[in-house]
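Observations on the model geometry
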Amino acid sequence: MSVSMAIFFWSLVILAYVVGPVALFWGWVRWVGRATLWTLTSVLSLIGFLLATASAILAIVSVAYARVHFFRYYDPVLMRIFRSGALLSMVGFAFAIGGVWRKNVLRWFAVASVVGTFAFWVLAAAGE
């Protein structure tokens, strides 16, 4: 493996397994702990953050399901799970970027969490 591919791979691993979960956890802690002013950018950040959370929940459920159900190589159900998770992350990224322009509670947590969940789906699909 070349050095650039190793750097890319380890960057994805850090994003998927460190940045994503930490951003989701601290984002929820911050959002629950503070009352927010409902502006357009805060709502966009919240929607992006919720989509990242949905993508993470899909990842957790699909990993748990894979422990009891054997997926064949390139199983169509597994491919739909990968596609759904990546799509949730990409749409969440669009909303999260829309919420970056003004200061709000979830501004950077939404971006970090959708990038982390998307990195997870890229790694999961690459492992197939």
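Here we summarise the structure given alongside this text. No experiment lies behind these values; they were computed from the predicted model shown.

Along the chain, the position of T117 falls in helix α4 (residues 107–126). The exposure class assigned to T117 is buried, which follows from its relative accessible area of 7%. Looking at T117, its side chain comes within polar contact range of the side chain of S89, at 2.8 Å. Those residues within four positions of T117 in sequence are excluded, and the remaining contacts are L24, A52, S55, A56 and S89.

Before going further, it helps to spend a moment on the side chain of S113. Structurally, the position occupied by S113 is in helix α4. Other than its neighbours up to four places away in sequence, S113 contacts G20, A23, L24, F49 and A52.

With that settled, consider the environment of G85. Position of G85 relative to the elements: it lies in helix α3 (residues 76–98). On the accessibility criterion, G85 (0% relative accessible area) is buried. For the pair G85 and R72, spaced 13 residues apart in sequence, the C-alpha separation works out to 19 Å. Look past the residues within four positions of G85 in its chain and what remains in contact with it is S55, L58 and W121.

Let us now look at the nonpolar core. Across soluble globular proteins, nonpolar side chains show a tendency to be buried alongside one another. Judged by nonpolar contacts, the single largest core of 13 residues is most densely connected at A16, F120, W121 and L123. Counting only elements with at least two residues in this core, the list comes to α1 (3–33), α3 and α4. Apart from the residues within four sequence positions on either side, L123 is in contact with F9, L12, V13, A16 and Y17. Ranked by size, the runner-up nonpolar core spans eleven residues in total, among them F49, A52, A56 and L106.

What counts and how
Residues numbered from 1 in each chain as written. Predicted model: local features only at pLDDT ≥ 70, side-chain atom pairs only at ≥ 80, totals over all residues. Heavy atoms only, no water. Helix = DSSP H or I, 4+ residues; strand = E, 2+ residues; numbered from the N terminus. Buried < 20%, exposed > 50% of the residue type's maximum accessible area, 1.4 Å probe, protein only. Polar contact = N/O pair within 3.5 Å; in protein donor to acceptor, adjacent residues only side chain to side chain. Contact = heavy atoms within 4.5 Å. Core = buried A, V, L, I, M, F, W, Y, C linked by side-chain atoms within 4.5 Å.

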